[in-house]
Amino acid sequence: MLKLGKREEQIMQVIWQREKAFIKEIIDDLPEPKPHYNTIATMVKILTEKGFLSAEKIGNTYQYSPLVSLAEYRKQDVATIKRKYFGNSFTKMISYFAKEEKLSDDELDELIRIINSRKTS
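A brief structural summary. (Residues numbered from 1 in each chain as written. Predicted model: local features only at pLDDT ≥ 70, side-chain atom pairs only at ≥ 80, totals over all residues. Heavy atoms only, no water.)

What about the packing of helix H1 (residues 6-18) against helix H3 (residues 37-49)?
- Interhelical geometry of H1 versus H3 gives an angle of 85° and a closest axis separation of 10 Å. When the axes of H1 and H3 are compared, the pair comes out roughly perpendicular. For the pair H1 and H3, contact is made by Arg7, Glu8, Ile11 and Met12 and by Ile40, Met43, Val44, Ile46 and Leu47, respectively. (Axes fitted to C-alpha atoms, helices over the stretch in contact; angles between N-to-C directions. Helix = DSSP H or I, 4+ residues; strand = E, 2+ residues; numbered from the N terminus. Parallel < 35°, antiparallel > 145°, perpendicular 65-115°, else oblique. Contact = heavy atoms within 4.5 Å.)

Put into structure tokens, the structure is as follows:
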């Protein structure tokens, strides 16, 4: 699976949230400054060609739906980060975030609970 660029990821976030979207809806949900319609239309076309989106013709326009789920993309993206920055070590990655993000006691307890639940399943 390909890595999304910053604007591509913003577009996909909108479509993942909406589940289906027209270009105008995508633009409405993007942060300021709003990009030009043609810019987003071109990027959506590229995302369709890359296999991230499907396009359904409705009247004289297209409605776009994700072909790749947020969960699928997140899994691939996290795997890339783990491999690229942490020597493919989940322990090193979690240790980094636990230290750098200054997790609260509740967050640490939640992580421990998740880890312990995996041991019993």
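Here the narrative resumes.
Here's the deal with the layout of surface pockets
- Here the largest pocket is characterised by a volume of approximately 170 Å³.
- If you trace the largest pocket, you find it lined by Phe90, Ile94, Leu111, Ile114, Ile115 and Arg118.
- When the residues that make up the lining of the largest pocket are grouped by side-chain class, the tally is 5 nonpolar, no polar and 1 charged. (1 Å grid on protein atoms, 1.4 Å probe; cavity = no way out; pocket = protein on both sides within 12 Å on 5 of 7 lines; lining within 4 Å. Points joined across faces, edges and corners; volume = space filled by probe spheres on them. Nonpolar A, V, L, I, M, F, W, Y, C, P; charged D, E, K, R; others polar.)

Considerations on a nonpolar patch on the surface
- Among the surface-exposed residues, Leu108, Leu111 and Ile115 lie close enough to one another that they form a single nonpolar patch of about 220 Å² accessible area.
- Examined against the element boundaries, Ile115 turns out to sit in helix H6 (residues 105-120).
- Owing to a relative accessible area of 48%, Ile115 belongs among the partly exposed residues under this scheme. (Patch = residues over 30% accessible without salt bridge, like charges linked within 9 Å, V, L, I, M, F, W, Y side chains within 5 Å. Areas by Shrake-Rupley, 256 points an atom, 1.4 Å probe, with all protein chains shown as cover. Salt bridge = Lys/Arg side-chain N within 4 Å of Asp/Glu carboxyl O. Buried < 20%, exposed > 50% of the residue type's maximum accessible area, 1.4 Å probe, protein only.)

What about the packing of aromatic side chains?
- Within this structure, the stated rule accounts for 6 aromatic pairs.
- Where Phe52 meets Tyr73, the ring centres are 6.1 Å apart and the plane angle is 70°; that geometry is what we call edge-to-face. Of this pair, Phe52 sits in the loop between H3 and strand S1 (53-58) while Tyr73 sits in helix H4 (residues 70-86); the two residues are 21 residues apart in sequence, bridging distant segments of the chain. Both residues of the pair, Phe52 and Tyr73, belong to the buried class.
- An angle of 50° between the planes, with centres 5.5 Å apart, marks the rings of Phe86 and Tyr96 as tilted. (Phe/Tyr/Trp six-rings, centres within 6.5 Å; stacked < 30°, edge-to-face > 60°.)

Quick look at the packing of H4 against helix H5 (residues 90-100)
- Two elements in contact, H4 and H5, have axes whose closest approach is 9 Å; the angle formed by their N-to-C orientations is 90°. The angle between the axes of H4 and H5 places the two elements in the roughly perpendicular class. For the pair formed by H4 and H5, the contact residues are Val78, Ile81, Lys82 and Phe86 on the first element and Phe90, Lys92, Met93, Tyr96 and Phe97 on the second.
- For the contact of H4 with H5, the per-class residue count stands at 7 nonpolar, no polar and 2 charged.

Focus on H1
- Here H1 is 13 residues long and its end C-alpha atoms lie 19 Å apart, about the 18 Å a rise of 1.5 Å per residue gives.
- Within the sequence span of H1, burial applies to Glu8, Ile11, Met12, Val14, Ile15 and Trp16.
- Against helix H2 (23-29), H3, S1, strand S2 (61-66) and H4 lie the buried residues of H1.
- Just beyond H1, the residue with positive phi is Glu19, at close to 80°. (Expected span 1.5 Å × (residues − 1).)

Focus on the pairing of S2
- Sheet topology places S1 next to S2; 6 bridges connect them, and they run antiparallel. Of the residues in S2, the one forming a bridge with Ile58 is Thr61.
- The hairpin formed by S1 and S2 contains 2 residues between the paired strands, and Gly59 there has a positive phi angle of roughly 65°. (Pairing = 2+ DSSP bridges.)

Notes on the side chain of Gln63
- As for its position among the elements, Gln63 is in strand S2.
- We classify Gln63 as buried; its relative accessible area is 14%.

Everything listed is a geometric property; what it means functionally is a separate question.
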